[in-house]
Amino acid sequence: VWGPFHTQSKLNIDGDPVFWGKVTSLKGLNIADGDPKFYGGYESGIDVPLPVNYQFTQEKSMAVDGVVNKGGSSYFDGTDVWLTFNADGTITHRTGTGSDSSTYSAPITEPLSTFAPNGVVYVARGNIYASGTLNGKVTVAVGEASGVGHGNLYLVDNLTYRNAPMVYDAALNKYVKNESCQDMLGLLATNNVVVAETDKNVFQKDVRIDASIFCAQGGFTIEDKTIPPSGTIYVRGGMVAAKEELVATLDGSGNIKNGYKKHVIFDERFMLNIPPVFPGTGKFEIVSWFE
């Protein structure tokens, strides 16, 4: 794990994981087997609670303001929305229901800054299906779900920036910020952010996501938990979730039977900057003193 890591429960270890950033937990550490490495340090008793029944009210307000006062069209209610980000700074969007985009409305392509002038896309009482290459800074939120059927964000293919936000420096033996990357994406879901069961995801094997992900009541998961071993999910960004959902199941020897490996690299830009109107804890930690 490259970057800081926290759990509001007990951190259970089985094997030899390596944590390069600071690791914290609320309820301590349980090492069933193995030899974990905490190169950034470990501290227990740290409480970072998620708000109960978190609502994306600020994100909704910004999206509505962008539509009403600035001529945008990035607020939707009672529909599913299909979003494809384009590397030229545009976005292609359409509305409909379900995972078959061919049944949706005719696609509309326009500049991202025109579509979401406040940098926020909001869908109430629906789901979002997203993919593409982002050129810009935007937060995508799906909220006001009355059950698990709504409030989900499905990743139907890779969703990345034009340039990698973090690159590996062999001399330093670590990932470092890529100063040429200016793009920034927030993905907010009331329920789950889901790697969808699509041919591109399953048969391309690896799935690549550049974003900071926040799941208020659910977690990050895969749609079909019975698929054969299907490569690696690479997340370059961050992940905050109420629940730790499955992306893989293992056999008795620790080999993947179904699903994906997961490789998470924390985007260090998020230490000081965040996507538009992205939730934050408002808490700071003293890491060193200057005298």
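Whatever comes next refers back to the structure up there.
Calculation notes
- Residues numbered from 1 in each chain as written.
- Predicted model: local features only at pLDDT ≥ 70, side-chain atom pairs only at ≥ 80, totals over all residues.
- Heavy atoms only, no water.
- Helix = DSSP H or I, 4+ residues; strand = E, 2+ residues; numbered from the N terminus.
- Buried < 20%, exposed > 50% of the residue type's maximum accessible area, 1.4 Å probe, protein only.
- Polar contact = N/O pair within 3.5 Å; in protein donor to acceptor, adjacent residues only side chain to side chain.
- Contact = heavy atoms within 4.5 Å.
- Pairing = 2+ DSSP bridges.
- Axes fitted to C-alpha atoms, helices over the stretch in contact; angles between N-to-C directions.

Mapped onto the elements, T221 comes out in strand β21 (residues 220–222). A residue is classified by how much of its surface remains accessible, and T221, at 5% relative accessible area, is buried. There is a polar contact of 2.9 Å between the side chain of T221 and the backbone oxygen of L246. The residues touching T221, leaving out its near neighbours within four places in the chain, are N192, V193, V194, V195, E245, L246 and V247.

Here we take up the pairing of strand β18 (residues 184–189). The buried fraction of β18 amounts to six of the six residues, a majority that puts the element mostly inside the structure. Side chains M184, G186 and L188 of β18 all project onto a buried face; the interleaved residues L185, L187 and A189 project onto the opposite face, where all are buried too. Relative to β18, strand β14 (residues 137–143) runs parallel, the two being bridged by six bridges. In the sheet register, K137 faces β18, and the bridge partner there is M184. Where β18 lies against strand β20 (residues 207–215), four bridges are found, and the strand directions are parallel. For L187, the partnering residue across the bridge sits in β20 and is I213.

A separate point is the sheet that holds strand β4 (residues 23–25). Pairing is parallel across the open sheet formed by three strands, whose spatial order is β1-β4-β7. The open sheet terminates on both sides in strands that have one partner only, identified here as β1 (5–7) and β7 (42–44). With direction set aside, neighbouring strand axes in the sheet form an average angle of 10°. Examined bridge by bridge, β1 and β4 share three bridges and lie parallel to one another. Following the sheet pairing, H6 is matched in β4 by T24.

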